[in-house]
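Now for the letters of each chain:
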Amino acid sequence: MTTYTSLRVPVRGGDIAGGIWTPEVGADRPPVLAIHGITASHLSWPLVAEQLGTRVVALDLRGRGRSNKLPGPFDLRSYAEDMRTVMDHLALERVVVAGHSMGAFVAVCLAQMEPARVASLVLIDGGLPLAPPAGVAPEDLPALVLGPALERLSMTFTSRAEYAHFWRSHPALGPYWNDTIEAYVDYDLDGTPPHLSPSSNPDAVAENALQLDGEGGYSEALVGLSVPVDFLHAPRGLADQVPPLYPNADISRLAEHLPGICFHEIDDVNHYTIVLGPGGAAQVAAVIENRVSEEQAARAASTEVST
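Here is what the cut-offs are and how they apply
- Residues numbered from 1 in each chain as written.
- Predicted model: local features only at pLDDT ≥ 70, side-chain atom pairs only at ≥ 80, totals over all residues.
- Heavy atoms only, no water.
- Core = buried A, V, L, I, M, F, W, Y, C linked by side-chain atoms within 4.5 Å.
- Buried < 20%, exposed > 50% of the residue type's maximum accessible area, 1.4 Å probe, protein only.
- Helix = DSSP H or I, 4+ residues; strand = E, 2+ residues; numbered from the N terminus.
- Contact = heavy atoms within 4.5 Å.
- Axes fitted to C-alpha atoms, helices over the stretch in contact; angles between N-to-C directions.
- Parallel < 35°, antiparallel > 145°, perpendicular 65-115°, else oblique.
- Left-handed = near helix turned anticlockwise from the far one by under 90°.
- Nonpolar A, V, L, I, M, F, W, Y, C, P; charged D, E, K, R; others polar.
- pLDDT = per-residue confidence, 0-100.
- 1 Å grid on protein atoms, 1.4 Å probe; cavity = no way out; pocket = protein on both sides within 12 Å on 5 of 7 lines; lining within 4 Å.
- Points joined across faces, edges and corners; volume = space filled by probe spheres on them.
- Polar contact = N/O pair within 3.5 Å; in protein donor to acceptor, adjacent residues only side chain to side chain.
- Phe/Tyr/Trp six-rings, centres within 6.5 Å; stacked < 30°, edge-to-face > 60°.
- Pairing = 2+ DSSP bridges.

Remarks on the nonpolar core
Counting 101 residues, the largest nonpolar core has Leu 33, Leu 121 and Ile 288 as its most contacted members. Per-element tally for this core: the top contributor is helix α3 (residues 102-113), with ten residues. Setting aside chain neighbours within four positions, we find Leu 121 in contact with Val 97, Ala 107, Val 108, Ala 111, Leu 225, Val 227, Pro 228, Val 229 and Asp 230.

The following block contains the structure:
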């Protein structure tokens, strides 16, 4: 049993919004900082959080959800700086960081920025460089990678029911619809009927879609990480399709070049249901729980030595 409370923390330009899931037992264990994907929100995480025996802190990234009025710049390092500000505000000395999709890239930046405060990283179908397909112009890449997830940001909806219908038609979510997905979709709306729109800032999303190729020192930061890293792979992509976001051939190549990362195949999920579906969330939570337990044991051993 977990209790959810909303959260607002002062950051550059205003308040960042999010929430905390606190279990009845285990709130004193090492906490988890959970970072969502490129057009998502902190409500990506309820199913994972409810299966973990520790506090889970998640935010709406700058330009998303209830943080969508925060100003730019919109880049991975700025998001990591916001996460550090939240950690300071909540007195989170050291955390296990889980990042989904683009959130995994933010997690890597945070670990590079604050290696002593990140116990381990769990990268969920993200965080490994995404090479742009040959012949694709940079300005066309966001639409190619994100598809309907980007297209919807320019749409308006007359009602919440209309927006839910839009998502129910999405091949990666509709067939797997559940209460968590419905709450996630409902939270995404901004405005009042009949002028409702998705909450993500399209300029931020388009900018971020160009920042996932490993350039600008990111690949070097990934290779140079000094913390344990798990990569959790979804076998189907953003439209429930095969090949997935990370084709198997790319995973094999990346595994050779990143021997320090532990790779996990998550069974029967796509890029969304790896966290928004009960089966995916259970498998993801098991990996995170293992890292939380390791950090808890390390803290206990350190306490014994100091006494």
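Quick look at unusual backbone geometry
Residues Gly 72 and Pro 73 are joined by a peptide bond in cis, for which omega reads 10°. In this structure, the amide linkage connecting Val 242 to the following residue, Pro 243, adopts the cis form with an omega of 10°. Even without being a glycine, Asp 125 presents a positive backbone phi close to 50°. Mapped onto the elements of the fold, Asp 125 is located in the loop between β6 (118-124) and α4 (141-146).

Considerations on the packing of helix α6 (residues 160-168) against helix α7 (residues 179-187)
Taken N-terminus to C-terminus, the directions of α6 and α7 make an angle of 125°; their axes are 10 Å apart at the nearest point. Considering their axes alone, α6 and α7 lie oblique with respect to each other. The way α6 lies across α7 gives a crossing that is right-handed. Along its contact with α6, which presents Arg 160, Tyr 163, Ala 164, Trp 167 and Arg 168, the element α7 presents Glu 182, Val 185 and Asp 186. The residue inventory of the contact of α6 with α7, partitioned by class, reads four nonpolar, no polar and four charged.

Here we look at the confidence of the model for the chain
Looking at the chain as a whole, its pLDDT mean stands at 94, while 97% of the residues score no less than 70. Per-residue pLDDT, averaged within each element of the chain, yields its smallest value for α4 (70) and its largest for strand β3 (residues 32-35) (99).

Some thoughts on empty space enclosed by the protein
Gaps between atoms show up when a probe of the same size as a water molecule is rolled over them. Scanning the model with the defined rule gives one cavity of 30 Å³ or more in all. Of the volumes computed, that of the largest cavity is approximately 220 Å³. Lining the largest cavity are 24 residues; nearest its centre among them are Gly 37, Ile 38, Ser 101, Leu 238 and His 271. If you list the elements that add at least two residues to the lining of the largest cavity, you get α3, α4 and α11 (273-276). In the lining of the largest cavity, the residues fall into 16 nonpolar, seven polar and one charged.

Concerning the layout of surface pockets
Quantified by volume, the second largest pocket comes out at close to 150 Å³. Residue assignment for the lining of the second largest pocket shows that the elements contributing at least two residues are α2 (76-89), α3 and α9 (218-223). Partitioned by chemical class, the residues of the lining of the second largest pocket number four nonpolar, four polar and three charged.

Here we look at the environment of Thr 85
With respect to the secondary-structure elements, Thr 85 resides in helix α2. Residue classification places Thr 85 among the partly exposed positions, given a relative accessible area of 30%. Separated by 74 residues in the primary sequence, Thr 85 and Val 11 have C-alpha atoms spaced 6.7 Å apart. Setting aside anything within four residues of it in sequence, one finds Thr 85 in contact with Val 9, Pro 10 and Val 11.

Re the environment of His 257
Note that His 257 resides in helix α10 (residues 248-257). The exposure class assigned to His 257 is exposed, which follows from its relative accessible area of 56%. A C-alpha to C-alpha distance of 8.5 Å links His 257 and Val 223, two positions 34 residues apart in sequence. Only 2.9 Å separates the side chain of His 257 from the backbone oxygen of Arg 253, close enough to count as a polar contact.

Observations regarding the packing of aromatic side chains
By the definition in use, this model includes ten aromatic pairs. Arranged with centres 5.1 Å apart and planes meeting at 35°, the rings of Phe 105 and Tyr 218 form a pair that is tilted. Residue Phe 105 is located in helix α3, and its partner Tyr 218 is located in helix α9; the two are separated by 113 residues in the primary sequence. One exposure class covers both Phe 105 and Tyr 218, and it is buried. A ring pair is formed by Trp 167 and Tyr 272, whose centres lie 6.3 Å apart and whose planes are at 75°; its orientation type is edge-to-face. Remark: Tyr 272 occurs in the loop between β10 (261-265) and α11 and Trp 167 occurs in helix α6; sequence separation between them is 105 residues. Across the pair, Tyr 272 and Trp 167 agree in class, each one buried.

Some remarks on the sheet that holds β6
In a beta sheet, neighbouring strands are held together by backbone hydrogen bonds and run either parallel or antiparallel to one another. Pairing in this open sheet of eight strands is mixed, and the strands run β1-β2-β4-β3-β5-β6-β9-β10 from one edge to the other. For this open sheet the edge positions go to β1 (2-11) and β10, each flanked by a neighbour on one side alone. Neighbouring strand axes in the sheet, compared pairwise and without regard to direction, differ in orientation by 20° on average. Bridge count between β3 and strand β4 (residues 56-59): four bridges; the pairing is parallel. Bridge pairing links Leu 33 to Val 57 in β4.

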